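One-letter residues, chain by chain:
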Amino acid sequence: MKFNYNISILILSICLMLTSCVNYYYQTAKFNLAVQTGNFNSAEAAIKSKGRWKKNHNRLLNFMNLGRVAALQGNVAESNEMFEKAYLQIEDYNKSFKDYTLQLLINSTKTVYLGEEHEKLYVHYFKILNFFKLGNVENALVEVRRLNIKLNKLDDKYSSDKKFQRDAFLFNVMGIVYQAAGEWNNAYIAYKKAYDIYRLDYAVFFSIPVPEQLKQDLLRASNVLGFTTEQAFLEKEMGIKYVAPKESKSEVVVFWENGLVPIKDEVVIFFNLSMQGNNLLFVNSMYNLNFSVPYTASQFQSNGLANVNLVSMAIPRSIIRKAEVKSVDIMYADKKYGFEMGDDLGAIAIKLLRDRAAKVMGQALLRIAIKQGLAYVARTQNQYLGAAVSVAGALTEHVDTRSWQSLPQTISYRRIPVQNPSDSTLKFNINSETVTREQIINFKPVVNNTSIIQLTTTSVSGLEFVQ
């Protein structure tokens, strides 16, 4: 088989078209800047300006981002339409052979994006809150049940207690919705799961303690259901004596979504390559990394790897977008309330990336071996083709840096009793490092029941690399 110079240039050109050295955050810079500055109309336009946004390999991200910014513009029905498309995309898509081939031979950035575990869960969170804004508690319950199925599947998927497999805050949200719907037994079950996950997982992984409000809600559900033994046990464990309210009142639960999740990025590191026994050994002394890949001595010689001493590989890392807003105070009926941390999606994203690092590296090393072999074979046929394949192999070796970048960094919450049904105004003092601004949100009290509202602050003050 013979190749000529023009064919080698063509192959190199194709490889260059298939890849990009710029991470996904910078590829979508207009969208991200618009979200960070609160210009949500421009954020929507930045996505829809691309003609194939409904069909390209990033369509799930497009649906999720459009759902988020539509809600922030007040277009709640449109937001739910986009989130429903995202949900169906997650449920219906089966990874094709083409995607597997691209991931193996080029990199995963050209495959259809299927979402991180927490991203798929939070589609339901935003739909639940949207339905409450529309006054549709029944549809909110449908989303709660969908979410419960996803949470149970995630729990079953991972057996290691060192991996993120249970989301405490989302069980907490489920409890809040069940309570608002008067389903106290389901509320108790959800609150209890949230309580246990905060104690056993979140305190260890993310330094997030059990919210005091959750303790009160769990004890309240126990009391309403007459679970006296369980209530007594929990009171002793929590060090709290629950006092039931004298009368039923309307309440409002406020969710504060602050900042934006970290950016996925990559850094290139170098490995020394050697053959030991029946394994290729890749060693990086700077980061104390060692990986071995099963390989035979005959393959090592015939595929030209005996002449390769140094291999470069891109590995994932996170860049934190530091939230500009540091705290928020709520003023209602001449009283001041603060928030409690519910979830840290930034910390979850970083943990998921680290948990998956070994698997990502293994896949990358396999790609490198395949590309090195391809370059060796091509070089024996034509020196120009060999050079083209070698360069293309280096250019296409990238980490998938895609993510749902409009997710909040943290979500905090507060339950507030409605003192007077005619007083439906919450005033928020939003505190950054240098300035405090005021925001007013009006809500519609539900008689003897729960209203839910959102406060969102997306401004970013700077970037910080996570090693």
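1. What about the sheet that holds strand β5 (residues 310-323)?
Strand pairing in a sheet relies on backbone hydrogen bonds, with the paired strands running either antiparallel or parallel. Pairing is antiparallel across the open sheet formed by five strands, whose spatial order is β4-β3-β2-β5-β13. Every other strand in the sheet has two partners, leaving β4 (289-294) and β13 (460-466) as the edge strands with one partner each. The average angle at which neighbouring strand axes cross in this sheet is 30°, direction not considered. Here strand β2 (residues 263-276) runs beside strand β3 (residues 279-284); their pairing, made up of five bridges, is antiparallel. Opposite Met275, over in β3, you have Leu280 as the bridge partner. Against the sheet, helix α15 (residues 345-355) engages β2, β5 and β13, with an angle of about 170° to β5.

2. Looking at the confidence of the model for the chain
Here the chain averages 84 in pLDDT, and 80% of its residues register 70 or above. At the low end of the mean pLDDT range in the chain sits helix α1 (residues 5-18), at 40; at the high end sits strand β8 (residues 340-344), at 98.

3. Thoughts on the sheet that holds strand β1 (residues 251-258)
Here we have four strands laid out as an open sheet, ordered β8-β9-β1-β12, and mixed in their pairing. The outermost strands of the open sheet, each flanked by one partner alone, are β8 and β12 (450-457). For this sheet, the mean angle separating the axes of adjacent strands, direction not counted, is 25°.

4. Let's talk about the pattern of salt bridges
Following the criterion strictly, the structure yields 25 salt bridges and no others. For Lys48, the salt bridge identified is with Glu78, shortest N-O distance 3.6 Å. Of this pair, Lys48 sits in helix α4 (residues 40-48) while Glu78 sits in helix α6 (residues 76-92); the two residues are 30 residues apart in sequence, bridging distant segments of the chain. Connected through shared salt-bridge partners, Glu84, Lys127, Glu143 and Arg146 make up one network.

5. What to know about the side chain of Lys127
Mapping Lys127 onto the fold places it in helix α8 (residues 117-133). For Lys127, a relative accessible area of 4% puts it in the buried group. Those residues in contact with Lys127 that sit more than four places away from it in its chain are Asn80, Phe83, Glu84, Glu143 and Arg146.

6. A few points about the packing of helix α11 (residues 184-205) against helix α13 (residues 228-238)
Interhelical geometry of α11 versus α13 gives an angle of 25° and a closest axis separation of 14 Å. In terms of orientation, α11 and α13 fall into the roughly parallel class. Seen along the crossing, α11 lies across α13 with a hand that is left-handed. Between α11, through Tyr188, Lys192, Tyr195 and Arg199, and α13, the contact on the second element is made entirely by Glu230, Leu234, Glu237 and Met238. In the contact of α11 with α13, the residues fall into four nonpolar, no polar and four charged.

7. Describing a nonpolar patch on the surface
A cluster of nonpolar side chains, contributed by Val268, Phe270 and Leu310, occupies part of the molecular surface with about 290 Å² of accessible area. If you trace the backbone, Leu310 turns up in strand β5.

8. Some thoughts on the side chain of Lys215
Tracing the backbone through its elements, the reader meets Lys215 in helix α12 (residues 212-225). With sequence-adjacent residues up to four places away left out, Lys215 is seen in contact with Val210, Met238 and Ile240.

9. What to know about the nonpolar core
Counting residues in hydrophobic clusters, the biggest one holds 79 residues, and the most contacted among them are Tyr122, Tyr125, Phe169, Tyr198, Phe255 and Trp404. In this structure, Phe255 is in contact with Tyr125, Leu129, Phe169, Val173, Ile176, Ile411, Ser412, Tyr413, Ile452, Ile453, Gln454 and Leu455, ignoring residues within four places of it in sequence. Counting residues in each nonpolar core, the second largest holds 18 residues, with Trp256, Ile330, Phe339 and Leu426 among its members.

Thresholds applied
- Residues numbered from 1 in each chain as written.
- Predicted model: local features only at pLDDT ≥ 70, side-chain atom pairs only at ≥ 80, totals over all residues.
- Heavy atoms only, no water.
- Pairing = 2+ DSSP bridges.
- Helix = DSSP H or I, 4+ residues; strand = E, 2+ residues; numbered from the N terminus.
- Axes fitted to C-alpha atoms, helices over the stretch in contact; angles between N-to-C directions.
- Contact = heavy atoms within 4.5 Å.
- pLDDT = per-residue confidence, 0-100.
- Salt bridge = Lys/Arg side-chain N within 4 Å of Asp/Glu carboxyl O.
- Buried < 20%, exposed > 50% of the residue type's maximum accessible area, 1.4 Å probe, protein only.
- Parallel < 35°, antiparallel > 145°, perpendicular 65-115°, else oblique.
- Left-handed = near helix turned anticlockwise from the far one by under 90°.
- Nonpolar A, V, L, I, M, F, W, Y, C, P; charged D, E, K, R; others polar.
- Patch = residues over 30% accessible without salt bridge, like charges linked within 9 Å, V, L, I, M, F, W, Y side chains within 5 Å.
- Areas by Shrake-Rupley, 256 points an atom, 1.4 Å probe, with all protein chains shown as cover.
- Core = buried A, V, L, I, M, F, W, Y, C linked by side-chain atoms within 4.5 Å.

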